[in-house]
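So the chains spell out like this:
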Amino acid sequence: MSTETSVPHPRVSGVEGQPMDASDAALYATLLTEAPGGLAFFDRDLRCRRANDALAALLGVPVRELQKRRPAEVLPEALATAFEAALRKVIAEDRPLTDFDLVVPAGEPPGASDAPDASGDAAGVATAVEERILACTWLPARGGEGERPGVVLTALDVTERRRAEEVIRRKEQRYRSLVEASAQVVWVAAPAGGVIDDAPEWRAITGQTPDDYAVGGWLSVVHPEDRPRIEAAWQDCVEENRVFETNYRIRTKSGTYRHFDVRAVPIWQGDAVIEWVGANTDVTGQREAEEMRGRLTEQLSAAALRTARLQQATSMLAEALTVSQVVQVITEVGRSAIGADYSAVALLDDDKLRLSIVAPSQPGAEGESGPVSRDDIKVSDQTVMSVAVRESRPFLAEHPDSLRLQLGHGERDLFAQHTEERAWVGLPLLAAGAPIGALRFSFTRPREITEEERVFLEALAGQCALAVERALLFEREHRTAEELQRSLLPSDLPQLPGMVLAARYNPATRHVQVGGDWYDVFRLADDRLAVAVGDVMGKGVLAAAGMGRVRNALRALALNDPRPAAVLAGLDRLFSATEDEEQFTTVAYAVIDPETGKGAFSNAGHPPPLLISPDTPARVSTREPGTPLGWPSQRQQTSFSIDTGNTVVFYSDGLVENRRRGVDAGLEELVAVAADAPPEVVGDPERLVDFLVDRMLAGYEQVDDVTVLALHVPPKPD
């Protein structure tokens, strides 16, 4: 574009009115035609007096349209308003205005429709423009004599730069928004590890200033337990230029701690690290959720364990028949389920005024063996169990102060030897809503009982109360059964000068019912001795009644005709006439002359007698045992003689047979046990029956009654 198409140039004088020299003229002309930026001069009436082609192109207005016109006459309204506002400001304040951006809107400029034909002047043609951003500087013009003729404008097209800056600004804004949304603290550190940049998020969280957290000051807000680990790890990563990835707790400005996951990476430039960029992510909510899940898992596991323990207690209590066995189960299950160190169970006496401590069936359990004291506790006393019984509710004392507050100094000498106790639980044992005793647990450390544990303990106490009530009934019935059983047996055995007798009756410990085992020894009219051992199969009243009938019938028959075969034949007839076919009864019966040891023996299906002699090995009789009573059979009678120093032992099948040992194996074991008996035991029937019973039952569960009767002929004195 030539200068001839521009606004006509004025005649310009040099200093003190001298004409401009050639170099000045050349500079002026070049600026107007070749300068990349826009140039213009506006008078004080805001009219354009001079403008170069570059400004005209930036504004999208032909140069001739600008001449002697105000911006409002040729420019879009918004642009013209900003343009004239800047001119007025410079004129009014007589000082430059810089960093002022003008936005030239996109579109057809004014006057475009008035453009000349295609062969016309290119400088006079307005073209469509895109939106442009112009960085403008407005300078007050200075005349030769201090005049202020107007304003000089310089304008540079900064559209691309501004757009790039906007892109960068938006990226930074998105990045910052992303950081804020993700609860991250972003920080920058020097290659040596010291913080070198402001971290507003860190300040907002910790309350530290940049000076506080510069260099290593940030470590002061790291949790003391985490600080040594974090400081060492950070230094190692800085020295080795490797990624720093860890987690730690930070103290906030409110004084609480929050959990952060941290990751920092070195920024490389060539072969050197120029800085570190790190991000701390607040994971407190996640950690708390994990801890909550962990606690819930622990609680669920504990609840499942307590449920299993309660089921175990229910199963074990079903097998516990005595009060001591019940106490053993409850103390073991309760203490293992809640971690108690000591336990005790006490039962109310008949007048409901005192509690008596009950010992477990197996003393010596770890932590406490049996009751602490046999002393009774008054229900009116201020003790853990007394309060639980009086008020029929659980008593809880989580630490000694709580115990003193509730009881004063009432928890007296009964448990004083456990001076290390620091927490207590007392639970009433309720049957049909009424207390029958109390259950007590204690701990050697302060202990809070949770609601779940309390529910478990109350359920355990309920199971204990039912089991104790059942056990009390069992023991009472068992005592009654034993008394009934023993009333059907001889109160004492005959005392004979030439023969010594001893008997032992062991009722089955797992049954409360009377049984059918019995023995009898009585004198006949001719001073001979009648000996009988029998077993009516079964338990309960029917077996006991059958035993009584057989025993009485045998005596009656023996007094009439004492011969063993005749007595058993008479019992057969009695059975056929009166007893059920299902009534299975065995009897071994002998008649002996105590002076000579000679006698006769008959067996109705009973185990064979054991023969012990000092000269020959112990053995059982090999004679045919015959059939049980009531079965058609020709009763056989055999003669025998008990020599001096010999012993014959009659017994019931409970001695040789059980769930794990058959009859044949039991008979072999009985012979072996008898062979091991020392001579002094064999010569003393009382010791012999105890020896046989103890050795034969050792290691086995007794499920049947055991009856043993021994007859010994001692050597005659010299």
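Everything that follows concerns the structure shown earlier in this document.
An account of the accompanying structure is given in this report. (Residues numbered from 1 in each chain as written. Predicted model: local features only at pLDDT ≥ 70, side-chain atom pairs only at ≥ 80, totals over all residues. Heavy atoms only, no water.)

Across its full length, the chain carries 19 helices and 25 strands. Out of the 718 residues belonging to the chain, those deemed buried represent 44%. Here the contacts in the chain between residues at least 6 apart in sequence split such that 62% fall between residues at least 24 apart. When the accessible surface of the chain is split by element, carbon and sulfur atoms take 52% of a total near 37000 Å². (Helix = DSSP H or I, 4+ residues; strand = E, 2+ residues; numbered from the N terminus. Buried < 20%, exposed > 50% of the residue type's maximum accessible area, 1.4 Å probe, protein only. Contact = heavy atoms within 4.5 Å. Areas by Shrake-Rupley, 256 points an atom, 1.4 Å probe, with all protein chains shown as cover.)

The full count for this structure, using the stated rule, is 10 aromatic pairs. Taking the centre distance of 6.4 Å and the plane angle of 75° together, the rings of tryptophan 202 and tyrosine 213 count as edge-to-face. On the criterion of sequence distance, the pair formed by tryptophan 202 in helix H7 (residues 200-206) and tyrosine 213 in helix H8 (residues 210-213) is long-range, its members being 11 residues apart. Each member of the pair, tryptophan 202 together with tyrosine 213, is buried. One cation-aromatic arrangement involves arginine 661 over tyrosine 700; the distance from NZ or CZ to the ring centre is 4.3 Å. (Phe/Tyr/Trp six-rings, centres within 6.5 Å; stacked < 30°, edge-to-face > 60°. Lys NZ or Arg CZ within 6 Å of the ring centre and 35° of its normal.)

Think of a sheet as strands paired side by side through backbone hydrogen bonds, with each pair either parallel or antiparallel. Strand order in this open sheet of 5 strands is E16-E25-E24-E21-E22, and the pairing throughout is antiparallel. The open sheet terminates on both sides in strands that have one partner only, identified here as strand E16 (500-506) and strand E22 (619-620). Relative to strand E24 (residues 647-651), strand E21 (residues 610-612) is paired through 3 bridges, and the arrangement is antiparallel. Opposite leucine 611, over in E24, you have valine 648 as the bridge partner. Contacts from helix H17 (residues 663-676) reach E21, E22 and E24 within the one sheet, and its direction differs from that of E21 by about 20°. This element, helix H19 (residues 685-697), spans E16, E21, E24 and strand E25 (706-712) of the sheet and lies at about 30° to E16. (Pairing = 2+ DSSP bridges. Axes fitted to C-alpha atoms, helices over the stretch in contact; angles between N-to-C directions.)

Let us look at the pairing of strand E2 (residues 48-51). Each regular strand shows side chains that alternate between the opposite faces of the sheet. With 3 bridges joining them, strand E1 (residues 38-43) and E2 adopt antiparallel strand pairing. The partner of alanine 40 across the bridge, within E2, is alanine 51. Counted along the chain from E1 to the antiparallel partner E2, the turn is 4 residues long, and its residue leucine 46 has a positive phi close to 70°.

On the basis of which strands lie adjacent, the open sheet formed by 5 strands has the order E2-E1-E5-E4-E3 and antiparallel pairing. Both edges of this open sheet fall to E2 and strand E3 (97-104), since each of them pairs with a single strand only. Taken over all neighbouring pairs, the strand axes of this sheet differ in orientation by 25° on average, direction set aside. Each of E1, E3, strand E4 (132-140) and strand E5 (150-157) is contacted by helix H5 (residues 77-93), which is oriented at about 165° to E3, the strand it contacts most.

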